[in-house]
Structure formats: structure tokens, C-alpha cells
Amino acid sequence: MSEYSDKELLDLFSDKEKRNYAFNLIVRKYQEKLYWHIRKIVVKHDDTDDILQNTFIKVWKGLDGFRKDSKLYTWLYRIATNESLTFLKQQKTKYLLPIVDYENHLSETLECDEYFNGDEIQCKLQKAILELPEKQRIVFNLKYFEEMKYDDMSEILETSVGALKASYHHAVKKIENYFKED
Amino acid sequence: MKNFNEKLEELKGNTINPFSVPKDYFEEFPTRIQEKIVSEKKELSWAMRVLYYVKPHFALGFMIIAFAAISITAVDFILSGRNEAGLGNELFTRTIEVDAYEFTEQHFIDVLLEDKKDVIEKKEIETDHYINYLVNEDIDYGTLIDEL
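Model, not experiment: these values are computed from the prediction. (Residues numbered from 1 in each chain as written. Chains lettered and ligands numbered in written order. Predicted model: local features only at pLDDT ≥ 70, side-chain atom pairs only at ≥ 80, totals over all residues. Heavy atoms only, no water.)

A look at the overall build of chain B
Keep this limit in mind: Helix numbers and strand numbers start at the N terminus; a helix is a DSSP run of H or I with at least 4 residues, a strand a run of E with at least 2. Here, Shrake-Rupley sampling with a 1.4 Å probe gives the accessible areas, and only protein chains in the shown set may cover a residue.
A tally of helices and strands in chain B yields four helices and zero strands. Starting at the N terminus, the α and β elements of chain B follow one another as α-α-α-α. Carbon and sulfur atoms make up 63% of the accessible area of chain B, which amounts to about 13100 Å² in all.

What about the overall build of chain A?
The test is simple: Only protein chains enter the calculation, and the probe is 1.4 Å; a residue is then buried if its accessible area is under 20% of its type maximum, exposed if over 50%, and partly exposed in between. Only heavy atoms enter the contact rule, under which two residues are in contact if any of them lie within 4.5 Å.
Scanning chain A for helices and strands turns up nine helices and zero strands. Its helices and strands in sequence order give chain A the pattern α-α-α-α-α-α-α-α-α, from N to C terminus. When each of the 182 residues of chain A is scored for burial, the buried share is 52%. The contacts in chain A between residues at least 6 apart in sequence include a share of 61% that link residues at least 24 apart. Element-wise, carbon and sulfur atoms account for 48% of the exposed surface of chain A, whose accessible area totals about 9400 Å².

Quick word on the packing of helix 7 (residues 134-145) of chain A against helix 8 (residues 150-157) of chain A
Residues and elements named next belong to chain A. In plain terms, the rule: Lines fitted to the C-alpha atoms define the axes, with helices restricted to the stretch that makes contact. Angles between their N-to-C directions range from 0 to 180 degrees. In this scheme the crossing of two helices becomes right-handed for a clockwise turn of the near helix relative to the far one and left-handed for an anticlockwise turn of less than a right angle. Each residue gets one of three labels, nonpolar for Ala, Val, Leu, Ile, Met, Phe, Trp, Tyr, Cys and Pro, charged for Asp, Glu, Lys and Arg, and polar for the others, Gly among them.
Where helix 7 meets helix 8, the closest approach of the two axes is 11 Å, and the angle between their N-to-C directions is 145°. Once helix 7 is placed against helix 8, the crossing between them reads as right-handed. Of helix 8, the residues touching helix 7 (which contributes I138, V139, L142 and K143) are Y150, M153 and L157. When grouped by side-chain class, the residues that make up the contact of helix 7 with helix 8 number six nonpolar, no polar and one charged.

Digging into a nonpolar patch on the surface
All names here are of chain B. Threshold: Grouping into patches uses exposed residues only, defined as over 30% relative accessible area, and leaves out salt-bridged ones; the cut-off is 9 Å for like charges and 5 Å for nonpolar side chains (Val, Leu, Ile, Met, Phe, Trp, Tyr). Throughout this description, the term salt bridge denotes a Lys or Arg side-chain nitrogen within 4 Å of a carboxyl oxygen of Asp or Glu.
Judged by side-chain polarity, F58, F62 and I65 come together as a nonpolar surface patch covering roughly 350 Å² of accessible area. Note that F58 resides in helix 2 (residues 25-99). Overall, the relative accessible area of 45% leaves F58 in the partly exposed class.

Focus: helix 9 (residues 161-181) of chain A
Heads up, the condition is: To estimate the expected span of a helix, subtract one from its residue number and multiply by 1.5 Å.
Across its 21 residues, helix 9 of chain A extends 30 Å between first and last C-alpha, which sits within 8% of the 30 Å expected from 1.5 Å per residue. Along helix 9 of chain A, the residues that are buried comprise L164, S167, Y168, A171, V172, I175, E176, Y178 and F179 of chain A.

Looking at unusual backbone geometry
Its identity is not glycine, yet E158 of chain A carries a phi of approximately 50°, on the positive side. Looking at where E158 of chain A falls in the secondary structure, it is placed in the loop between helix 8 and helix 9. Overall, the relative accessible area of 64% leaves E158 of chain A in the exposed class. We note that D24 of chain B has phi near 60°; this positive angle belongs to a residue other than glycine. As for its position among the elements, D24 of chain B is in the loop between helix 1 (2-14) and helix 2. Residue classification places D24 of chain B among the partly exposed residues on the basis of a relative accessible area of 35%.

Some remarks on the interface of chain A and chain B
Note the threshold: Summed over both partners, the accessible surface that disappears when two parts come together, traced with a 1.4 Å probe, is what is meant by buried area.
In this complex, chain A contributes 39 residues to the contact, which on the side of chain B involves 28 residues. In total, about 3300 Å² of surface goes out of reach between chain A and chain B, with carbon and sulfur atoms giving 65% of it. At the surface where chain A touches chain B, the tally comes to two salt bridges. Taking the shortest distance from any N to any O, the salt bridge between E40 of chain B and K61 of chain A comes out at 3.4 Å.

Side note on the confidence of the model for chain A
Stated precisely, the cut-off is as follows: The score called pLDDT rates the predictor's confidence residue by residue, from a low of 0 to a high of 100.
Overall, the prediction assigns chain A a mean pLDDT of 87, with 91% of residues at 70 or greater. Within chain A, no element has a lower average pLDDT than helix 5 (residues 99-112) of chain A, which sits at 68, and none a higher one than helix 3 (residues 45-62) of chain A, at 94.

Some thoughts on the environment of K149 of chain A
All names here are of chain A. With respect to the helices, strands and loops of the structure, K149 is situated in the loop between helix 7 and helix 8. A relative accessible area of 57% places K149 in the exposed class. Separated by twelve residues in the primary sequence, K149 and V161 place their C-alpha atoms 9.5 Å from one another.

Observations concerning the nonpolar core
Filter applied, for reference: Here, the term nonpolar core denotes a set of buried Ala, Val, Leu, Ile, Met, Phe, Trp, Tyr and Cys residues that are joined through side-chain atoms within 4.5 Å.
Ranked by size, the top nonpolar core spans 66 residues in total, and within it F23, F56, L63, L72, F140 and I175 of chain A carry the most contacts. In terms of residue count, the dominant contributor to this core is helix 2 (residues 19-42) of chain A (twelve residues).

Structure follows, in C-alpha cells:
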């Protein structure tokens, strides 16, 4: 399964008889990476599951028109990121919560989430990350946890590499301050 | 800053992912997503089938509505043209009947002359120009008549 490159998967998908099989391979290859990417943005497992499903449905619908010269995995990450941000926006509108209150709500969710079993220091780090503005949080997660290259991140977030580096620098500073204050 | 970056790296080195998922989540997810896509396809194909059967009736309905709309617009356009003309004349007559007592005969003459005033003034300017030309060139009336 892992021997298939993105290009091979796309070639396989363009064959109408094999497209279901190819899509299944794409899901298997990227589901975990996308899941953890979304989970770190929205925190709750159930929300992550919904967003991941929507992401792959969009991928299924859009894969026909996908240009083969683009990178599949940055495209997948872009869809997942946009879906997550849309979800957060909907939640804030739905409950009429200001941004700060919503970040607090996510911190509380983290504490009582049955699928979070980190120790004290891990919990503190996650809470510090949740204090960051949304875009900065995504940049920090992609760089710190997934060790993604700035070039790829630039394609996903449609932001310049310089801006992303600055964003990561500010994020680390804020997390450091959070640790010092606490 | 540098120290904290190192601290973060150390933290990452020791960190086992603090989040977890329900049992067999990733094993079952591809099947769930395939099922969802199949059900979406079924819903879509049902909608397409309904559209396939309803389309000819819709087309006929749209044709009738379009024909009716064009007919109504055309008739309305023709009638409105007539009405506007009729209304226009009627309005002038009515205005004269009702308001005429406020004006004297001289008012109407002034108004009519006002319309022609510009034309008369233009003609006067042209005549002056010709007279000046004849005077400057010392051409007398008799010579001019002979030439014509």
C-alpha cells in the first residue's frame, strides 16, 4: 500500500474501473496525518471525525479536476485546514462566542476529553498552543509536530515563507511566555 | 529563546501523542467513507432520475410560460404605446381647458415667439454679416442683382 506514490495514485484514479480502489488507497495513506492535523485544531474527536469525512468527500468530488502537476498532499492539507477553520467559524457564530471564550472552551474540552491522555506537561503545552491565534496555531502544529517544510506550508496556507517563519517565531515566543507565567 | 527551542525539542522527543482515538478507528474509517460516498451517489442518482423524468415536462412548462410572457409583454407594449399617445393629447387638452383662464392671448403669442426667437436671432446675425461684407467690398445692390 505504501509503495504507491501520489502520482501513481492519481494515475490509478484516472482509470474509471480502478478509481474506487485508488481512492481507498489515498484515504488509507493520508487519513492519520489529516486526522491529527484536524484534531490539533478542533481538539474534540467527534468534531475531527466529521471534518475528516467532509474533507475526503470533497477530495472525492474534486479529484477529477485535480491538476497532476500539483502536490496531492498539500492539496489534501489545504482542504482539511479550510474545513477546520470553517468549522471553528461556525461554532463561534452558533454559540455567539467571542474568540477568547472559544479558546477557553477548547482548553476545557481538552481537560475532560476522554481521548486525551497526556501528562501534566503535555496538557500545559496543548493549552499554550490553544492560546495562540488560529493561523499561528496551525503554523506551529505543522512545523513543530509534523516537521513540515515551509515551502509546503506556504502552498497549503497560501502565505509567504517569510510570513510563516515570523508566525512560527511569534508562536514559540508566546508559548515560552505562557510557560514562564504559569 | 534558543533555550526554550531546545526545551521544546526535548519535550517533543519525550512526547508520545497525548491524543488518542477510539479502538479500530483508522481501520474502519476507509470503509465508512466509502459507504458515505456510495450513499451520496445513490441520493444523487435518485435526484438525477427524478430530473430525467421531470425534465421534458419542465421544458414544455417553460416553453408555455416563455410564450405567455412574450405575448403579454408584446400586447402590453403595443397598448402602452397607444395609451401614452392618447393620454398625452388628453392631458394637453385638459390642461388648456382647466388652466387657460389664467393666461391671456398675449401669453400664448409670447410662448410661440419664444420658440422661434433663436432662429430669428441667428438669421439676423447672418444678414448683418452679409451686409458688412458688401459694404467692405464696396459692392452696390445693382451689381449684385446683375451678377445673380
